[in-house]
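Below, each chain spelled out in residue letters.
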Amino acid sequence: MVLASPLLPQGAETMEGAPMSKTSLILDCDPGVDDAIALFLAFAAPNELDLLGVTTVAGNVGASLTARNACMLREIAGREDVPVAAGCERPMVRAPIDAGHFHVQTGLGDLNIFVPRKDVETIHGVDFIIQTVMSRASGTVTIAVTGPMTNLAMAMVKEPRIVGRLAGIAAMGGARSEGGNITASAEYNIFADPHAAQVVVASGAPLVMMGLDVTHQVRASEGRIARIATLDTAVSDASVNLLNFMARTELALGNGGDPPQHDLCPIAYLLAPHLFTLRPCRMEVEIASSLTAGHTAVEFRLGDGPGPHIQWGTLADADGIFDLLTDRLSR
Ligand code: RIB
Ligand code: CA
């Protein structure tokens, strides 16, 4: 069952379930091999997404590398019309922790690295978010977050008015029934900046949260990768390179060979919400305990408090999501 999402124009959907009007989107990310696949999908959907900008943050690798990587991926996708603004270089409170053990030191696996033609904007990523949301009509800008939530949280602290102006947030983060992937109880994006996640979760802005419970259902099998390989374009070749790298790395880590596509989920949701099942919830982020910091306490018992502003992803149509990705990359 697809719940009406607070992020999408109510009722306006195409036959395949995509939102009829374009979604004005800022994509905040920490590329990152799976962020790259999410970026490629966003770049390949100009008829559905008015991609206002990409903001980058320290996460999988350092801030200068995530910014460079976003500019590289933008060039491969031929979307230098989309500005990239580099954001925060460290979490709000805790010490930085990267995920270089998975994304390796470049942040993009074994993809050939080059110096992008077009560099980042001079504006800081946090100020880009504030400026974009404050300069456009209230309720028209959506933000997707596929890394630590530092930039969005800092923007909310610096300019609290953006909370009420955002159409909504589609984020990858957290875990409930799946358990953690960086500690026993925490998923990486939330663990990397739990204070930022708590600021965003507690803000009251409409939030669709794709945690490991749902992203672990969306795996790049050999067959799905092979279909993308048949497209034979610069983007599909880079995607296949990244997906095969993830497959080898997951195998080496003993997690099986079909790598979950975490960051693809929020973007696929914005394009085709019918491919996901969401459940309203209350949520808190554990901050105090060193053992469980970054844990997302997801409560489906809503009580009689204010209406839930958070929707938790519980089911995904993985075949539909890879059909969507392959179709958009083929255009
Ligand atoms: O836990 C998955 C998340 O952590 C993804 O965003 C991936 O890029 C890693 O940063
Ligand atoms: Ca990420």
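Residues numbered from 1 in each chain as written. Chains lettered and ligands numbered in written order. Predicted model: local features only at pLDDT ≥ 70, side-chain atom pairs only at ≥ 80, totals over all residues. Heavy atoms only, no water.

Looking now at the coordination of the calcium ion (ligand 2). Donor atoms from the polypeptide that coordinate the calcium ion (ligand 2) comprise Asp-30 (OD), Asp-35 (OD), Asp-35 (OD), Thr-146 (O) and Asp-263 (OD), at 2.2 to 2.6 Å from the metal. Each donor residue of the calcium ion (ligand 2) lies on the same chain, and together they follow the pattern D-x4-D-x110-T-x116-D. Separated by 233 residues along the polypeptide, Asp-30 in the loop between strand E1 (23-29) and helix H1 (33-43) and Asp-263 in the loop between helix H11 (234-252) and helix H12 (264-271) bring together distant segments of the chain. (Donors = N, O, S within 2.8 Å, 3.2 Å for Na, K, Ca; no water. Helix = DSSP H or I, 4+ residues; strand = E, 2+ residues; numbered from the N terminus.)

One pass over the structure, following the stated rule, counts 12 salt bridges. Lys-158 is the salt-bridge partner of Asp-127, the closest N and O atoms lying 2.6 Å from each other. On the criterion of sequence distance, the pair formed by Asp-127 in helix H4 (residues 125-135) and Lys-158 in helix H5 (residues 150-158) is long-range, its members being 31 residues apart. Asp-127 sits in the partly exposed class, given a relative accessible area of 26%. For the salt bridge of Arg-301 with Glu-299, the shortest nitrogen-to-oxygen distance reads 3.1 Å. Residues joined by salt bridges that share partners form a network here, namely Glu-48, Asp-327, Arg-328 and Arg-331. (Salt bridge = Lys/Arg side-chain N within 4 Å of Asp/Glu carboxyl O. Buried < 20%, exposed > 50% of the residue type's maximum accessible area, 1.4 Å probe, protein only.)

Once that is clear, we can look at the nonpolar core. Core analysis: the largest hydrophobic core is formed by 59 residues, its most contacted members being Leu-27, Val-54, Leu-242, Ile-267 and Phe-276. Ranked by residues supplied to this core, first place goes to H1 with 9 residues. With sequence-adjacent residues up to four places away left out, Leu-242 is seen in contact with Val-33, Ala-36, Ile-37, Phe-40, Leu-108 and Leu-111. Listed in part, the 38 residues of the second largest apolar core include Val-57, Ala-85, Ala-196 and Val-201. (Core = buried A, V, L, I, M, F, W, Y, C linked by side-chain atoms within 4.5 Å. Contact = heavy atoms within 4.5 Å.)

This brings us to the state of the cysteines. The final tally for this structure, using the stated rule, is 0 disulfides. With no disulfide of its own, Cys-29 lies 10 Å from the sulfur of Cys-71, the closest cysteine sulfur. Residue Cys-265 stays outside any disulfide, its sulfur separated by 16 Å from that of Cys-29, the closest cysteine. Its relative accessible area of 0% is what places Cys-265 among the buried residues. (Disulfide = S-S within 2.5 Å.)

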